[in-house]
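Letter by letter, the chains look like this.
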Amino acid sequence: QVQLVESGGDSVQAGGSLRLSCTASGKFAYSSYCMGWFRQAPGKEREGVATIDTDGITTYANSVKGRFTISQDNTKNTLYLQMNSLKPEDTAMYYCALSFGACSMDHRYLEVWGQGTLVTVSA
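No experiment lies behind these values; they were computed from the predicted model shown.

Caption draft 1: Representation of the sheet that holds strand S7 (residues 68–73). Strand order in the open sheet made by the four strands is S1-S3-S8-S7, with antiparallel pairing throughout. The two strands at the open ends of the sheet, each matched to only one other strand, are strand S1 (4–7) and S7. This sheet shows a mean twist of 15° between the axes of neighbouring strands, independent of strand direction. Bridge analysis of S1 against strand S3 (residues 18–24) gives four bridges, and the strand direction is antiparallel. Bridge assignment links serine 7 to a residue of S3, and that residue is serine 21.

Here it is, written out as structure tokens:
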């Protein structure tokens, strides 16, 4: 089955940048899928950050719009999240996720998850 592994999390100062990566195991032949980044801070519910579908259509949470960019490299089966102008409120565990159907920013509808990578932003 498909396995997702995130990397790139680190501790940075406010205003800094990070790029997260998510690699999917092997090739998979899906005619339609959605991949996305979600995050969860201590004591808070998991929230959608950004998604991208088979056609490259992207969706962003209002809180990260203009600062974060989601992209994919299908030749490497890798999903990226470029994070610029980081703020302390961006501090969270970031998860990569996959849906075999339509995109959703509701984490309850995503079917495959990575283990998470921690991002800490200090003031």
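Caption draft 2: Main features of the state of the cysteines. Taken as a whole and judged by the stated rule, the model has two disulfides. Two residues share a disulfide in this structure: cysteine 22 and cysteine 96, whose sulfurs sit 2.0 Å from each other. Where cysteine 22 bonds to cysteine 96 through sulfur, the torsion about that S-S bond is close to -75°, and the disulfide is left-handed. Separated by 74 residues along the polypeptide, cysteine 22 in strand S3 and cysteine 96 in strand S9 (residues 92–99) bring together distant segments of the chain. The same class applies to cysteine 22 as to cysteine 96, namely buried. There is a disulfide in this structure between cysteine 34 and cysteine 103, and the S-S distance comes to 2.1 Å.

What counts and what doesn't
Residues numbered from 1 in each chain as written. Predicted model: local features only at pLDDT ≥ 70, side-chain atom pairs only at ≥ 80, totals over all residues. Heavy atoms only, no water. Pairing = 2+ DSSP bridges. Helix = DSSP H or I, 4+ residues; strand = E, 2+ residues; numbered from the N terminus. Axes fitted to C-alpha atoms, helices over the stretch in contact; angles between N-to-C directions. Disulfide = S-S within 2.5 Å. Buried < 20%, exposed > 50% of the residue type's maximum accessible area, 1.4 Å probe, protein only.

The quantities given are spatial measurements derived from coordinates; they are silent on function.
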